[in-house]
Amino acid sequence: MPDRSRFSATGEVQTEAWVSQGVERLGLEQVQADGEFLRSFHLSLMRFEDTPADHRAFRQRFPSKRRISSAEDMAAMLTWTQANRADAQRVKVVPFPYTVQSTEELIAEGWMAA
């Protein structure tokens, strides 16, 4: 992935290709470990529990701030677009476990005012 890449400019297919290439180069276990480290680091920042040692470990693991920021943004956008695609492919049916009643029936049962 080039250092200044952006999701909107490259698109979903190119981003998926970069993810695949990264998993091939680093291995799935390393990618998962880096992801877990990043999640834990962000949680410690949000809780104000981060330490100088945490920041050193972060810089050692991810030396380029611009690159990791770009990768995080692209991962979020890829996740969002794939979730939207999955939602669009689902059948949009709301099942009713009961029959829909008319206004008159709802009034008669006391659910609505006359």
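See the structure shown above.
Calculation criteria
Residues numbered from 1 in each chain as written. Predicted model: local features only at pLDDT ≥ 70, side-chain atom pairs only at ≥ 80, totals over all residues. Heavy atoms only, no water. Helix = DSSP H or I, 4+ residues; strand = E, 2+ residues; numbered from the N terminus. Buried < 20%, exposed > 50% of the residue type's maximum accessible area, 1.4 Å probe, protein only. Areas by Shrake-Rupley, 256 points an atom, 1.4 Å probe, with all protein chains shown as cover. Axes fitted to C-alpha atoms, helices over the stretch in contact; angles between N-to-C directions. Left-handed = near helix turned anticlockwise from the far one by under 90°. Contact = heavy atoms within 4.5 Å. Nonpolar A, V, L, I, M, F, W, Y, C, P; charged D, E, K, R; others polar. Core = buried A, V, L, I, M, F, W, Y, C linked by side-chain atoms within 4.5 Å. Salt bridge = Lys/Arg side-chain N within 4 Å of Asp/Glu carboxyl O. 1 Å grid on protein atoms, 1.4 Å probe; cavity = no way out; pocket = protein on both sides within 12 Å on 5 of 7 lines; lining within 4 Å. Points joined across faces, edges and corners; volume = space filled by probe spheres on them. Expected span 1.5 Å × (residues − 1). Arc of directions from axis to C-beta.

Quick look at the overall build of the protein now. The helix and strand inventory of the protein stands at five helices and zero strands. Ordered by position from the N terminus, the helices and strands of the protein form the series α-α-α-α-α. Per-residue burial over the protein gives 14% buried out of 114 residues. Element-wise, carbon and sulfur atoms account for 58% of the exposed surface of the protein, whose accessible area totals about 9,200 Å².

The geometry of helix α2 (residues 28–46) relative to helix α3 (residues 52–61) is characterised by a closest axis approach of 11 Å and an angle of 145° between their N-to-C directions. Between α2 and α3 the crossing geometry is left-handed. Mapping the contact onto sequence places Gln 30, Ala 33, Asp 34, Phe 37, Leu 38, Phe 41, Ser 44 and Leu 45 in α2 and Asp 54, His 55, Ala 57, Phe 58 and Arg 61 in α3. Taken together, the residues that form the contact of α2 with α3 break down as seven nonpolar, three polar and three charged.

One finds Phe 37, Leu 38, Phe 41, Phe 58, Phe 62 and Ile 68 forming the largest nonpolar core, which totals six residues. Counting residues per element, this core draws most heavily on α2, which supplies three residues. Not counting the four nearest positions on each side in its chain, Phe 41 is found in contact with Asp 54, His 55 and Phe 58.

Before going further, it helps to spend a moment on the pattern of salt bridges. Applying the stated criterion across every chain, the model contains two salt bridges. In this structure, the salt-bridge partner of Arg 39 is Glu 36, at a minimum N-O distance of 3.0 Å. Remark: Glu 36 and Arg 39 occur in helix α2; sequence separation between them is three residues, near one turn of the helix. Classification of Arg 39 as partly exposed rests on a relative accessible area of 46%. Relative accessible area serves as the criterion here: at 39%, Glu 36 is assigned to the partly exposed category.

The backbone of Phe 48 sits at a positive phi, close to 60°, despite the residue not being glycine. Mapped onto the secondary structure, Phe 48 falls in the loop between α2 and α3.

Empty space within the largest pocket amounts to approximately 1,000 Å³. Along the wall of the largest pocket there are 26 residues; nearest its centre are Met 1, Gly 22, Leu 26, Ile 68 and Ala 71. Of all the secondary-structure elements, those providing two or more residues to the lining of the largest pocket are α1 (7–26), α2 and α4 (65–89). The leading source of residues in the lining of the largest pocket is α4, at nine residues. The residue inventory of the lining of the largest pocket, partitioned by class, reads 14 nonpolar, seven polar and five charged.

We now examine α2. Helix length check: α2 (19 residues) gives 27 Å between terminal C-alpha atoms against 27 Å at 1.5 Å per residue, within 8%. The complete set of buried residues in α2 reads Asp 34, Phe 37, Leu 38, Phe 41 and Ser 44. The buried residues of α2 occupy an angular sector of 125° when the element is viewed end-on, so they sit on one face. Away from its buried face, by an angle of more than 90 degrees, α2 presents the exposed residues Leu 28, Glu 29 and Met 46. Residue Phe 48 follows α2 closely and has a positive phi angle near 60°.

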